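What follows is each chain in one-letter form.
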Amino acid sequence: MIDVERIRKAVREIIEAIGEDPERDGLRDTPQRVAEMYLELFQGLGKDPREELRVGFELGHQEMVVLKDIPFYSLCEHHLLPFYGVAHVGYIPSRDGRIVGISKLARVVETIARRPQVQERMTTEIADAVFSALNARAAGVVIQAEHMCMIMRGIKKPGANVITSALRGTFHTNPASRAEFFSLIHGK
Ligand code: ZN
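Just so we're clear, the structure is a prediction, and the values are computed from it rather than from any experiment.

**Points about the coordination of the zinc ion**
Phase 1 of the analysis: Of the protein atoms, only Cys-76 (SG), His-79 (ND1) and Cys-149 (SG) coordinate the zinc ion, at distances of 2.2 to 2.3 Å.
Phase 2 of the analysis: Mapped onto the sequence, the donors of the zinc ion take the spacing C-x2-H-x69-C.
Phase 3 of the analysis: Since its relative accessible area comes to 4%, Cys-76 is described here as buried.
Phase 4 of the analysis: According to the relative accessible area criterion, His-79 is partly exposed, its value standing at 35%.

**Considering the nonpolar core**
As a rule of thumb, nonpolar side chains are buried together in soluble globular proteins.
Phase 1 of the analysis: Membership of the largest hydrophobic core comes to 29 residues, with the highest contact counts inside it found for Phe-72, Tyr-91, Met-122, Ile-126 and Val-130.
Phase 2 of the analysis: Going through the elements one at a time, β2 (65-76), β3 (82-92), α4 (102-113), α5 (119-133) and β6 (138-147) are the ones with two or more residues in this core.

**What to know about the pairing of β2**
Consecutive side chains along a regular strand alternate between the two faces of the sheet.
Phase 1 of the analysis: Pairing of β2 with β3 involves 9 bridges; the strand directions are antiparallel. Each bridged residue has a counterpart across the sheet, and for Val-65 the counterpart in β3 is Tyr-91.
Phase 2 of the analysis: What sits between the antiparallel neighbours β2 and β3 is a turn of 5 residues, in which Leu-80 has the positive phi angle 55°.
Phase 3 of the analysis: Two strands pair when backbone bridges link them, and β2 and strand β5 (residues 116-117) are joined in this way by 2 bridges, in the parallel orientation. Counted as the bridge partner of Cys-76 is Gln-117 from β5.

**Overview of the pattern of salt bridges**
Phase 1 of the analysis: Summed over the entire model, instances satisfying the criterion amount to 14 salt bridges.
Phase 2 of the analysis: Across the pair Glu-110 and Arg-114 runs a salt bridge whose closest N-O atoms are separated by 2.7 Å.
Phase 3 of the analysis: Using a relative accessible area of 31% as the deciding quantity, one classes Glu-110 as partly exposed.
Phase 4 of the analysis: When the shortest N-O distance is used, the salt bridge between Asp-128 and Arg-168 registers 2.6 Å. Separated by 40 residues along the polypeptide, Asp-128 in helix α5 and Arg-168 in strand β7 (residues 162-169) bring together distant segments of the chain.
Phase 5 of the analysis: Salt bridges here are not isolated pairs; linked through shared partners, they connect Arg-12, Glu-16, Glu-23, Asp-25 and Arg-28.

The rules behind these values
- Residues numbered from 1 in each chain as written.
- Predicted model: local features only at pLDDT ≥ 70, side-chain atom pairs only at ≥ 80, totals over all residues.
- Heavy atoms only, no water.
- Donors = N, O, S within 2.8 Å, 3.2 Å for Na, K, Ca; no water.
- Buried < 20%, exposed > 50% of the residue type's maximum accessible area, 1.4 Å probe, protein only.
- Core = buried A, V, L, I, M, F, W, Y, C linked by side-chain atoms within 4.5 Å.
- Helix = DSSP H or I, 4+ residues; strand = E, 2+ residues; numbered from the N terminus.
- Pairing = 2+ DSSP bridges.
- Salt bridge = Lys/Arg side-chain N within 4 Å of Asp/Glu carboxyl O.

Put into structure tokens, the structure is as follows:
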């Protein structure tokens, strides 16, 4: 449970600590605004992303399903600065062909993005959630993202894209299956 009042106090403390006046016009409501923003940006905390995949249907679909270019926004847990980009998520249904509504894959990404994250763990968590909740034969996730902590500070490399992937099941063990997944997300 997110403690809005505590965030409000902490933000006011930061404003004072940098030598600013928390009572001046532009800053007076900032602690409240930041607290409400964190409520939204961290709304994935404490949620099990697999819940999003609970309602599925049996279509007997045996082939790969891929959702490309799912936009996401997260906050890196090292600096609490945004990193954002796109996630590509795919899976091969279980033998009984149980699938979920395609938008549910985007909901899984959203739930996992809206908490303090590192891109590598986010990638792994999405793959594990899809693989286990759907009892899938394969699951794969590729994330491309830009990190504000690399752009605004430190090495200052705007445009640098970090790419991570996680592969489960036959995407991991079968080169042909993996190649098909990557060709679909590259749009060839
Ligand atoms: Zn960072």
